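Each chain is listed here by its residues.
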Amino acid sequence: MEKKLRQGSLCVRAGYQPHNGEPVEVPIIQSTTFKYDDSDEMAQLFDLKKEGYFYTRLQNPTNDAVAAKIAALEGGVGCVLTSSGQAANFYALFNICESGDHFVTSNEIYGGTFNLFGVTLKKLGIECTFVNPDASEEEIQQAFRPNTKALFGETISNPGCAVLDIEKFARIAHHNGVPLIVDNTFATPINCRPFEWGADIVTHSTTKYMDGMATQVGGAVVDSGNFDWLANAEKFPGLCTPDESYHGLTYVKAFGRMGYTTKLVAQLMRDLGSIPAPQNCFLLNLGLQTLHLRMAQHCRNAQRVAEFLRDCPQVAWVHYCGLPGDANYERGQKYLPNGSCGVIAFGLKGDRETAIRWMDSLQMINIATHVADARSCVLHPASHTHRQLSDEQLRQAGVAPDLIRLSVGIEDVDDILDDIRQALDRV
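In this report, we go over the structure that sits alongside the text. (Residues numbered from 1 in each chain as written. Predicted model: local features only at pLDDT ≥ 70, side-chain atom pairs only at ≥ 80, totals over all residues. Heavy atoms only, no water.)

We now examine the overall build of the protein chain. Each helix and strand counted, the protein chain has 17 helices and 12 strands in total. Taken against the 2.2 N^0.38 rule, which gives 22 Å for 427 residues, the C-alpha radius of gyration of the protein chain at 22 Å falls within 12% of a compact globule. Projected onto its principal axes, the C-alpha positions of the protein chain cover 70 × 55 × 40 Å. A burial count over the protein chain gives 56% of its 427 residues as buried. A fraction of 72% describes how many contacts in the protein chain between residues 6 or more apart in sequence connect residues 24 or more apart. Working note: accessible area of the protein chain is about 17800 Å², and carbon and sulfur atoms make up 50% of it. With 37 positive and 50 negative side-chain charges, the protein chain shows a spacing of 0 Å between the two charge centroids. (Helix = DSSP H or I, 4+ residues; strand = E, 2+ residues; numbered from the N terminus. Rg over C-alpha atoms; globule rule 2.2 N^0.38 Å. Buried < 20%, exposed > 50% of the residue type's maximum accessible area, 1.4 Å probe, protein only. Contact = heavy atoms within 4.5 Å. Areas by Shrake-Rupley, 256 points an atom, 1.4 Å probe, with all protein chains shown as cover. Lys, Arg positive; Asp, Glu negative; His and termini not counted. Charge placed at Lys NZ, Arg CZ, Asp CG, Glu CD.)

Here's what the structure looks like:
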């Protein structure tokens, strides 16, 4: 019996096992197409009767090795890589929703996702209802409709740093016969595995901690294989009835626990694309090999910085679930006992301009749209990532106008603190 590896070993070794004389690093198969000697063999690939490669938009050996590693880290049965985290969230929902459908989502989510859900998907005829994730189960239940197909949330919200009560959301979703989809970007599978708490599908922006070096943009959709689609067949005809665009194949009957993942590739990737390049997946894999080491350092540094900010007289408030007394502390201890991430939300005493002056005074920490990088970086969401939202929409998304999102990197923590101090002295 093959030994089950722990998370650190999976980061390094999962997804690719070189044989005698083969490269130890995942090779970059930078090819669009794959050659066959037999026409019938190619036909069987198109009929999904045989596994293999014929066109990189659907499958590529480099991409598949990295996808298998992420699936192993999350404890899922399958993973599909996408060209961005936004694409991952879109595909995760569009794989089970169509025009006329509805889903429910936490309102404490990334601004780009908030806009994707509330504006862009509406143009496709898919509506959503935003709910306060801390509302009671009874209140959240009121948002569900007969045509609701999913419930969505973020493990740690971006940028507010709230921790999702995954078990509560899973109970609500399953009571309504729909899957719980959780964006696990900030926690990563090193610090939280949502499937163990009842989530059914996990998404990631692999651009963030999984890469860790700001070298590639990508996303991932991971399926637990646990949701019983056939038990709720009337809600999910795309998975549970014949797909006439694919020879009348019924995905969950033909592929069982891999039905959701197979449909996402065979139908959505076939028609919409949004694949990552093999070169990008190679770079992502390099980042994954140190994910377990980097997450520990991010959390150590962020804890020191959060404690400093909490005690600083110029700081109005701090949200970081590692701080005793934080509104999310108990939930963090439950879902994230080994640490959360390196992202801290806080506000300075003053107004919006106070935040801008402090950021402009930083000498080492980067002002950047990016987050979850080896380098510390900072952003004022109301002025940057969420600037398209009104003050009312900002409040609905859990973003205070004075909120500063500080992504603590893996530099020496005393250098990070020195830079924060000297910038505060200039405000």
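A few words now on the sheet that holds strand E10 (residues 366–367). Judged by pairing direction, the sheet is mixed, and its 5 strands sit side by side in the order E8-E9-E12-E11-E10 without closing on themselves. One side of each edge strand has no neighbouring strand; the edge strands of this open sheet are strand E8 (315–319) and E10. Relative to strand E12 (residues 404–407), strand E11 (residues 377–379) runs antiparallel, the two sharing 3 bridges. Counterpart to Val378 in the pairing with E12 is Leu406. Against the sheet, helix H15 (residues 352–360) engages strand E9 (343–348), E10, E11 and E12, with an angle of about 125 degrees to E9. (Pairing = 2+ DSSP bridges. Axes fitted to C-alpha atoms, helices over the stretch in contact; angles between N-to-C directions.)

So, on to the sheet that holds strand E5 (residues 180–183). The strand order across the open sheet built from 7 strands is E1-E7-E6-E5-E4-E2-E3, with neighbouring strands paired in mixed fashion. Two strands bound the open sheet, and with one partner strand each, they are strand E1 (78–82) and strand E3 (127–131). Here the average twist between neighbouring strands, direction ignored, is 20 degrees. Strand direction decides the pairing type here: E1 and strand E7 (residues 219–223), joined by 5 bridges, are antiparallel. Bridge pairing in E7 places Gly78 opposite Asp223.

On to the pairing of E3, then. Pairing geometry for strand E2 (residues 102–106) and E3, over 5 bridges, is parallel. The residue of E3 that forms the bridge with Thr105 is Phe130. Assessed by its sense of winding, the connection that carries the chain from E2 through helix H5 (residues 111–123) to E3 is right-handed. (Right-handed = clockwise from strand over helix to strand, strands pointing away.)

Looking now at the packing of aromatic side chains. Taken as a whole, this structure holds 13 aromatic pairs when the rule is applied. Each ring, one from Phe117 and one from Phe152, has its centre 4.9 Å from the other, and the planes form 90 degrees; the classification is edge-to-face. You can see Phe117 sitting in helix H5 and its partner Phe152 sitting in strand E4 (residues 148–154), a full 35 residues away along the chain. The pair formed by Phe117 and Phe152 is uniform in burial state, with each residue classed as buried. Measuring from centroid to centroid gives 4.8 Å for Trp197 and Tyr335, while their planes differ by 80 degrees, and the two rings are edge-to-face. Of this pair, Trp197 sits in the loop between helix H8 (188–191) and strand E6 (201–205) while Tyr335 sits in helix H14 (residues 329–335); the two residues are 138 residues apart in sequence, bridging distant segments of the chain. (Phe/Tyr/Trp six-rings, centres within 6.5 Å; stacked < 30°, edge-to-face > 60°.)

Mapped onto the elements of the fold, Gln216 is located in the loop between E6 and E7. The exposure class of Gln216 is buried, given its relative accessible area of 5%. Ignoring any residue separated from it by four or fewer positions in sequence, one finds Gln216 in contact with Thr206, Thr207, Asp211, Asn280, Leu283 and Leu284.

Right, let's get into the packing of helix H4 (residues 85–94) against helix H11 (residues 259–272). The geometry of H4 relative to H11 is characterised by a closest axis approach of 10 Å and an angle of 115 degrees between their N-to-C directions. By the angle class used here, H4 and H11 are roughly perpendicular. Relative to H11, H4 is oriented so that their crossing is right-handed. Residues Phe90, Tyr91, Ala92 and Phe94 of H4 lie in contact with H11, whose contacting residues are Tyr260, Leu264, Leu268, Met269 and Leu272. Class assignment for the residues of the contact of H4 with H11 results in 9 nonpolar, no polar and no charged. (Parallel < 35°, antiparallel > 145°, perpendicular 65-115°, else oblique. Left-handed = near helix turned anticlockwise from the far one by under 90°. Nonpolar A, V, L, I, M, F, W, Y, C, P; charged D, E, K, R; others polar.)

What follows is about the nonpolar core. Grouped together as the largest cluster of nonpolar side chains are 97 residues, with contacts concentrated most on Ile70, Ile96, Phe117, Leu180, Trp229 and Tyr260. Excluding anything up to four places from it in sequence, Ile70 contacts Cys79, Leu81, Thr206, Met210, Ala220, Val222, Leu284 and Leu288. In this structure, Cys312, Tyr320, Ile420 and Ala423 belong to the second largest nonpolar core, which totals 28 residues. (Core = buried A, V, L, I, M, F, W, Y, C linked by side-chain atoms within 4.5 Å.)

Here the focus is the environment of Ser39. Its location among the elements puts Ser39 in helix H2 (residues 39–46). By relative accessible area, which is 63% here, Ser39 ends up exposed. Sequence spacing of Ser39 and Ser383 is 344 residues, and the spatial spacing of their C-alpha atoms is 57 Å.

Disulfide: a covalent bond formed between the sulfur atoms of two cysteine residues. Counted according to the given criterion, the structure contains 0 disulfides. Free cysteine Cys281: the closest other cysteine sulfur is in Cys79, separated by 9.4 Å. The class for Cys281 is buried, based on a relative accessible area of 2%. Counting only cysteine sulfurs, Cys341 is the nearest neighbor of Cys377, a cysteine outside any disulfide, at a range of 12 Å. Judged by its relative accessible area of 4%, Cys377 falls in the buried class. (Disulfide = S-S within 2.5 Å.)

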